[in-house]
Structure formats: structure tokens, C-alpha cells
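Single-letter residue listing:
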Amino acid sequence: MFKQNNMEVFPIIVPASNKLKSYNFFLVKHGNSLTLIDTGLNTDDCWNSLQKTLKNHDFTLTDITRILLTHHHLDHIGLVNRIVSTHSIPVYAHPYAILVLKRDKEYTKMRIEFFRKLYKEMGCGEIGDKQVVNLRNPIILGEDKKIHCEIQEITNNQLFGFDILEIPGHAPDQVAFYGKECKWLFAGDLLIENIPSNAFIEPDYDGIRTKSLVQQKQSLEKCSSLNVELVFSGHGMIIENPVDLLKERIKEIDEKANKYISIIKSGISTASGIAQLLYKEKYEKQFFNIMSEIIGYLDYLELQGEINKEMEKGIWHYYCN
Ligand SMILES: [Zn+2]
């Protein structure tokens, strides 16, 4: 438990058997309210951990005042339906997240078309087509994971005693909740102690590709300029005095960018070519993550004026300037 001024945080840490180490979400008591920030996965493990944490601190589910979501990923929104079906409370998320959480039909259609075109232009050929077929799979679409209740848009700079910071990169709709008086930052997956957070390529509202790595770097910089003392991270450890780690993550981006420059200089010009060289058989198995990373770096380097692209027979080729 963490206590300072009139804020108390009760972390719910659910162990994970993968490199994320744990799924974390947080009960925050602030004055008379009890806010739940994120909700873990939709599993009995997460549900039981929530119940146990509530009980250990003499709360019940009905004491929760509201749910705030840092971003739309399934490991952060998992218990929303279970909670609100027994205890109807308001749920808040960034406006971008709402289309995804509601599985908006037009948005889903646009997203599939976005990836079909993107993978084609990145030279992914049949492997890319296969991924697009998968995107249409109802299990991947997660129809059953749709949020049923109404979701309130987070549009203000402040909400329930938190400063709201937009920190896109890992997801276009990622927000952080900053308790300024305590210098505590609830930052979703912006900063994870043991691994760099992935910056995922996604379309924005208008179907335009987000520059996810550029955004990720800006979000890391934004948070390192604050005087944060504790980062309540979505996975792994709660991070004390995060500035050094934030700076390290920013440095890692530039080091990796240099690696991409050398590969392009060596004559490999397409995103799929880079993926095959770097990731070999992992390329197909972890396609979405790998292509997100590579396209993210190509966009980043292009914006910095380090590389240029040219379309040849419908495929983008990248060259060093
Ligand atoms: Zn996560």
C-alpha cells in the first residue's frame, strides 16, 4: 500500500508467466472516492485478486466509484464487463479507445483495410495477406470482448484530482493519470521496468498511420520532464524515481534507429526484407509486433530526414539520404 497526502494506492499485481511478469491494476482512494485504474485481463486470477485486495482493505466491489482506463488493450480492460454487470459505475477512456472498445463496425472495417494496404506496400506478400485474413477472425476481432456499458470520454486536462496526460505510442489512445501532489504517475504501458514497451502501428480516426515510435519517444520525454517519483506501471515492478529509466528507453530508441540505418545502407530496402533479415522464422510468428517495430523505425528515420522512400511496383523502398 502507498499513502501520501490524501491519496492511497492499493496495487493489484497478478503474476504472468510471460516476459510481462505481471498484470497490474490499481485501486486509488482519494478523499471519499475509490477509483479503479485499469482492470487486468478477463480471468478468474485477476477477478480473485481484485476481490482479495478489496477485502484486505475492508472494501467491497460496491465501494468502487469509477473505472479509469489507460488504453484499450485486452490486458487492461478485461474485467470491465464483469465489474459493471454487478455494480454499475461510470467507465472513462480516451475518445480513440471508445471505437475499439465498442467494436465499431465502420472502424473495424477501416482498420482491416488499413493493414491490408500497409502490408502490401511494405512488401509482405502472402504472409501479409494471411495476417489480414486473421484480422477478420471474430476471435481476433474480439466481438465477445466488446465493452457493453456506456464509456465516458476523457477530454479534460484534469479529472478526479488527476492531471490527464496524453501519452500515445504503445497505443494511440494511451493516457496517464498524474497525481501531482504525490508525484505519482499511472502510466499504463509507457514504461515497463524489465522490457521496452512496444510502439504499435495503428490507424488514427481517419485511417492515417500513427507515427507510433515518434509518439512513444515524445511521451517518454514528456514524462521525464515531470518530477515523477513513482510510476505505477501496467506490468512488472512499480518504478521508483523513473527518470533514469525513461532516459534509458529514449536512448535505446536512437541506438536501435542507428542499427536500422546500417541495414538500409547495406542495401536492404523493404520493410519485409528487414524483417526477414532481423527476425528470420520469428517474422511470420510474431508478424504484428515485428512489422510494427520496423515500420515505426522507418517512419521515425524518415521524419528525421535520415532516409527517403520511393514506390516501385506498389512497394515502398527505403534509401539512406
Ligand atoms: Zn499491457
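As the structure is a computational prediction, the values presented were derived from the model and not from experiment.

What counts, and at which threshold
Residues numbered from 1 in each chain as written. Predicted model: local features only at pLDDT ≥ 70, side-chain atom pairs only at ≥ 80, totals over all residues. Heavy atoms only, no water. Domains from an automatic or database assignment. Contact = heavy atoms within 4.5 Å. Buried area = accessible area lost by both parts, 1.4 Å probe. Salt bridge = Lys/Arg side-chain N within 4 Å of Asp/Glu carboxyl O. Helix = DSSP H or I, 4+ residues; strand = E, 2+ residues; numbered from the N terminus. Nonpolar A, V, L, I, M, F, W, Y, C, P; charged D, E, K, R; others polar. Phe/Tyr/Trp six-rings, centres within 6.5 Å; stacked < 30°, edge-to-face > 60°. Buried < 20%, exposed > 50% of the residue type's maximum accessible area, 1.4 Å probe, protein only. Lys NZ or Arg CZ within 6 Å of the ring centre and 35° of its normal. Pairing = 2+ DSSP bridges.

Things to note about the domain arrangement of the protein chain
- Looking at the protein chain, the domain boundaries give domain 1 (2-102 + 147-241) and domain 2 (105-138 + 253-320).
- Between domain 1 and domain 2, the contact holds 21 residues from the first and 20 residues from the second.
- Interface area, domain 1 with domain 2, both sides summed: about 1700 Å², of which 70% is carbon and sulfur.
- Summed over the three residues of domain 1 that lose the most area to domain 2, namely Ile201, Arg209 and Leu213, the buried surface amounts to 36% of that side.
- The tally of links between domain 1 and domain 2 comes to 3 salt bridges.
- Elements represented by at least two residues in the side of domain 1 that touches domain 2 include exactly α4 (95-101) and α8 (212-224).
- Of the residues that constitute the side of domain 1 that touches domain 2, the class distribution is 11 nonpolar, 5 polar and 5 charged.

Observations concerning the packing of aromatic side chains
- According to the stated counting rule, one finds 18 aromatic pairs in the structure shown.
- Measuring from ring centre to ring centre gives 4.6 Å for Tyr119 and Phe287, while their planes differ by 85°; the resulting arrangement is edge-to-face. Of this pair, Tyr119 sits in helix α5 (residues 105-121) while Phe287 sits in helix α12 (residues 287-303); the two residues are 168 residues apart in sequence, bridging distant segments of the chain. A single burial state applies to Tyr119 and to Phe287, both of which are buried.
- Taking the centre distance of 5.7 Å and the plane angle of 40° together, the rings of Tyr283 and Phe287 count as tilted. The burial state of Tyr283 is the same as that of Phe287; both residues are buried.
- A network of ring pairs unites the aromatic residues Phe2, Phe26, Phe162, Phe177, Trp184, Phe186 and Phe232 as a single cluster.
- Seen from the ring of Trp316, Lys309 lies directly overhead, with NZ or CZ sitting 4.6 Å from the centre.

Topic: the pairing of strand β3 (residues 22-30)
- Where burial is concerned, most of β3 is hidden: 8 out of the 9 residues are buried.
- The sheet contact formed by strand β2 (residues 7-15) and β3 spans 9 bridges and is antiparallel. Within β3, the residue paired with Pro11 across the bridge is Phe26.
- Sheet topology note: the β3/strand β4 (residues 33-37) ladder contains 5 bridges and is antiparallel. Bridge assignment links Leu27 to a residue of β4, and that residue is Leu36.

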